[in-house]
Each structure stands twice: as structure tokens, then as C-alpha cells.
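The primary structure of each chain is shown beneath.
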Amino acid sequence: MKRKIVLITQPFIYLVAALLSVPFVLISVFVPVPVHTQADLAQVRLGLPLPFMIQNQTGYSPPLPWQTHFYSPWENPTHILLPELLLSLAIIFVVISLLLNGLTFALLFALSRCNLLNKSAQTL
């Protein structure tokens, strides 16, 4: 009995990578960043891999040094740097695409090795 193996196509990998890169980048604004001076609170740079959001958090007076993250944009003036956001999305997209391609290659290689082993065992 032959089994049909459905190959994962490149467009599918790119679609999954695009759908995963958006939440990864947007969630990164909640990663804590260090603040060492009161002047740093005026421009808290948030986001990974490149900071793409600047938030003014001078309304707070925490003990310094401090770890801060994204707070409400209604209370803290917030600016999004579009080129950095797009570049961050592109970087994460490429990384996820490479990982998925590598996993796909490893899976197909393992399946082909199993198939070769099964064929050689049947000839004995």
C-alpha cells in the first residue's frame, strides 16, 4: 500500500512565516527595557529586533535604574517608527522562513531515509 506524502510548498511556508512574524514583533513591545536616567523616560525605545516604538513615560517617577515596558498609549505619548517596524517584520519573517525551510528539509530527509531503509529491508 502506497502512502501519499503531501509536500509542504514554499508559498505555504511563507504564509505561515508572515502570519507568525506579525504577533512576534508586536508582542516584543512588552519585553522590559532598562531605563537609567530621567531623560531615558522621555524616549523609551520599545520593540525587537529593532526598536520601532518610542513612548514618553515621564509621567512616572520610578526608582532608577528601572525596567519598563509598553504602557497605555492613552496616558503616554507614543510614536511608531514605520521603517523600523517594517524592517523588524522583515527580519523576523526571514528567520522564521529559514527555520521552517530547515525543518521541512530535515523532515523530508528523515522520511526519505526511512523509505530507503524500508526498501532495503524488503529486498532481503
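Refer to the structure printed above.
Residues numbered from 1 in each chain as written. Predicted model: local features only at pLDDT ≥ 70, side-chain atom pairs only at ≥ 80, totals over all residues. Heavy atoms only, no water.

Enquirer: I keep staring at helix H1 (residues 10-27) and nothing clicks. Help me out?
Expert: Since one α-helical turn is 3.6 residues long, residues separated by three or four positions face the same way. Its 18 residues place the ends of H1 26 Å apart at the C-alpha level, agreeing with the 26 Å of an ideal helix rising 1.5 Å per residue. Considered for burial, the residues of H1 that qualify are Ile-13, Ala-17, Ser-21 and Val-25. What you see down the axis of H1 is that its buried residues fit within an arc of 80°, all on one side. Among the exposed residues of H1, those pointing more than 90 degrees away from its buried face are Pro-11, Leu-19 and Ile-27. (Helix = DSSP H or I, 4+ residues; strand = E, 2+ residues; numbered from the N terminus. Expected span 1.5 Å × (residues − 1). Buried < 20%, exposed > 50% of the residue type's maximum accessible area, 1.4 Å probe, protein only. Arc of directions from axis to C-beta.)

Enquirer: Which parts of the structure should I look at to understand the sheet that holds strand S2 (residues 44-46)?
Expert: In any sheet, the strands associate via hydrogen bonds between backbone groups, in a parallel or an antiparallel arrangement. Spatially, three strands are ordered S2-S3-S5 in an open sheet, and the strand pairing comes out antiparallel. Each having just a single partner strand, S2 and strand S5 (78-80) make up the two edges of the open sheet. Each strand of the sheet is rotated relative to its neighbour by a mean of 20°, with strand direction disregarded. Two strands pair when backbone bridges link them, and S2 and strand S3 (residues 53-55) are joined in this way by three bridges, in the antiparallel orientation. When the bridges of S3 are listed, Leu-46 appears paired with Met-53. (Pairing = 2+ DSSP bridges. Axes fitted to C-alpha atoms, helices over the stretch in contact; angles between N-to-C directions.)

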